[in-house]
Structure formats: structure tokens, C-alpha cells
Amino acid sequence: MKEEYFKWYSPHLHRDVQMLAFGHAGYPVILYPTSMGSFHENRDMGLIGAASWYIQQGLVQIFCPESNDRNSFYNKQIHPHQRIQNHIAYDHMIRYEIVEKIRHNTSVGKVVVAGCSFGGYHAANFAFRYPGFVSHMFSLSGAFEIRNFMDGYNHGDIFYNSPLEFLPGNHDGDLWKMDIVLGTSNWDICFDANVKLSDALEGKSVRHWLDVRKDKHHDWPIWKEMFPHYLSRIKFN
């Protein structure tokens with residue numbers, strides 16, 4: 001399959017950013033890495049290989065940016081206010097430097113966002129903040145709480161980047177048009193988080209699928225099962 005490496009200076013992050021892209025054509029999919037993951041993590045751990053048929057057939061093109069978690073949520077050396085601002089800068093990088101350039105690869109002008117574990121948080125947060133840009137959101141064992149990274153600090157930017165907090169007040173009509181999948185397992189350490197997010201969506205009558213698989217751990221084997229399954233939900237024609 002075609003693999004391309006990109007590196008550019010991000011005006012939002014004020015540093016160089018790296019990304020891999022897989023495929024020659026197809027529906028654009030942004031695939032976030034796990035906590036503090038690199039731009040090549042999803043390839044190295046086999047998630048790209050699990051989706052190879054869709055990529056080789058030209059049905060999807062998958063973009064794998066690096067994370068910014070080391071400079072935001074996981075950076076205990078800076079004030080929590082700066083942590084959330086660094087996350088917002090990353091969010092803007094994704095929106096303006098990647099999504100704006102690829103969302104018109106299809107006639108719908110939207111992208112798929114997906115991610116495993118904390119990558120599931122990034123996918124959900126982006127999708128629910130910007131429903132007009134996202135047609136499908138696939139969270140694989142996602143974790144959706146960020147307050148525990150903030151050391152008790154409270155700020156509006158934290159609220160508006162916490163899906164369970166801002167989702168009830170989100171009335172954007174595109175939210176009801178999105179295909180949402182919350183993948184988890186009864187053994188998943190993030191099982192409760194997915195149930196809570198499902199309940200929040202249910203409370204707004206937002207169509208979604210809480211996919212609870214049996215006796216699987218929070219790890220790459222289940223994610224490699226889920227990812228190609230979820231890609232099959234995309235309408236490619």
C-alpha cells in the first residue's frame with residue numbers, strides 16, 4: 001500500500017509536526033495515536049495492517065498525526081491552564097492544518113475520526129466540538145475524562161474539551177447526522193467511561209452504537225478486530 005511521510009512547521013503548535021498517510025485515494029480517516037503516541041504507532045502496532053484491504057482498494061485514506069499529549073495533559077511541569085491551552089493548540093492544528101486540507105477529498109466535505117484508548121478521547125472531543133466536519137466517529141476503548149489531568153484547576157476551556165460535560169448542551173444539528181461507535185469490552189478498563197458517554201448520547205436521542213465485546217482486554221488485539229469492522233460502516237459510493 002502507498003505510505004507517505006509528512007513533516008511541516010505548525011503555526012498553531014510552534015514546532016514541527018510529523019504524520020504518516022496510508023493509501024492513494026478514498027474517504028479521509030484521521031486516526032489518533034494512544035496516550036503520548038507517535039505518528040507511526042498505529043502502523044507499528046498493526047492497526048493500519050488490519051485496515052489494509054480498505055486502503056488497498058482505495059476506499060479509505062488514513063492520516064496518522066503525532067500526539068501532543070506530552071506537552072499538554074501529561075506535562076506536570078507546567079500549570080494546568082497551559083496544559084489545556086496546549087491541547088487546544090493541537091486541536092486547532094488538526095482542524096486547520098489537516099482536516100481543512102483533506103475533508104473535500106469526498107463530496108460530503110467531512111472526515112472520519114478514530115482512535116484507541118486516549119486517542120478515542122481525541123476523536124470524540126473533536127467530533128463533538130465540530131460535528132459539521134465529521135461524518136463518523138469511531139472510539140475504540142476510549143477514555144473521556146480530562147479533569148484528572150488538571151489538578152483541581154477549573155476553567156471554561158476544560159469544560160469545553162470534556163465531552164461528558166459539554167455534550168448535553170451541544171445542539172448542533174450535525175451531531176444527529178453523525179455515525180458514532182463506542183467500542184469497548186466487559187473487561188475493558190474504560191468500560192464505565194463508554195457506558196457514561198453512551199448514556200449521555202442516549203439522553204439526547206443521538207443515534208450511536210455501544211459495541212461491547214466479550215472478555216477482551218484494553219489492548220491492540222481487540223482494536224485490530226474493531227477497526228476494520230467499523231470502517232465497513234462508511235458509505236463509499
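Here, every reference points to the structure presented above.
Residues numbered from 1 in each chain as written. Predicted model: local features only at pLDDT ≥ 70, side-chain atom pairs only at ≥ 80, totals over all residues. Heavy atoms only, no water.

Asker: Explanation requested: the side chain of Ser141 in the structure shown.
Answerer: Along the chain, Ser141 falls in the loop between β6 (134-140) and α6 (156-159). For Ser141, a relative accessible area of 1% gives the class buried. Within the local environment of Ser141, its side chain forms a polar contact with the side chain of Asp188, the two groups lying 2.8 Å apart. Leaving out residues up to four positions away in the same chain, Ser141 has contacts with Ser117, Gly183, Thr184, Asp188, Cys190, Asn194, His218 and Trp223. (Helix = DSSP H or I, 4+ residues; strand = E, 2+ residues; numbered from the N terminus. Buried < 20%, exposed > 50% of the residue type's maximum accessible area, 1.4 Å probe, protein only. Polar contact = N/O pair within 3.5 Å; in protein donor to acceptor, adjacent residues only side chain to side chain. Contact = heavy atoms within 4.5 Å.)

Asker: How should I be thinking about the environment of Tyr160 in this particular structure?
Answerer: Relative to the helices and strands, Tyr160 resides in the loop between α6 and α7 (163-166). Along the backbone, Tyr160 and Arg129 are 31 residues apart, and their C-alpha atoms lie at a distance of 7.9 Å. Residues contacting Tyr160, with those up to four places away along its chain left out, are Asn125, Arg129 and Phe166.

Asker: In this structure, what is going on with the pairing of β6? I would like to understand it.
Answerer: On any regular strand, side chains alternate: one points to one face of the sheet, the next to the other face. Within β6, seven of the seven residues are buried, which leaves it mostly tucked inside the rest of the structure. Here strand β5 (residues 111-116) pairs with β6 via six bridges, running parallel. Its bridge partner lying in β6, Ala114 is registered against Phe138. The parallel pair β5 and β6 is bridged by helix α5 (residues 118-129), and the resulting crossover is right-handed. Across five bridges, the pairing between β6 and strand β7 (residues 179-185) is parallel. (Pairing = 2+ DSSP bridges. Right-handed = clockwise from strand over helix to strand, strands pointing away.)

Asker: Would you mind showing me how to read the nonpolar core here?
Answerer: Nonpolar side chains in soluble globular proteins generally cluster together in the buried interior. Judged by nonpolar contacts, the single largest core of 37 residues is most densely connected at Ile30, Ile94, Val113, Phe128 and Met137. Listing elements by their share of this core, those giving two or more residues are β2 (15-22), β3 (27-32), α4 (80-102), β5, α5, β6, β7 and α8 (191-203). Top contributing element to this core by residue count: α4, with seven residues. Those residues in contact with Ile94 that sit more than four places away from it in its chain are Ile30, Tyr32, Pro65, Val99 and Phe126. (Core = buried A, V, L, I, M, F, W, Y, C linked by side-chain atoms within 4.5 Å.)

Asker: What should I look at first to understand the packing of aromatic side chains in this one?
Answerer: For any pair of aromatic rings, the description rests on two quantities: the centre-to-centre distance and the angle between the ring planes. Taken as a whole, this structure holds 17 aromatic pairs when the rule is applied. Between Phe159 and Tyr160, the aromatic rings sit 4.8 Å apart at their centres with planes inclined by 85 degrees, giving edge-to-face as the arrangement. On the accessibility criterion, Phe159 (31% relative accessible area) is partly exposed. In textbook terms, an aromatic cluster arises when at least three aromatic residues are bridged by ring pairs, as seen for Phe73, Tyr74, Phe118, Tyr121 and Phe149. (Phe/Tyr/Trp six-rings, centres within 6.5 Å; stacked < 30°, edge-to-face > 60°.)

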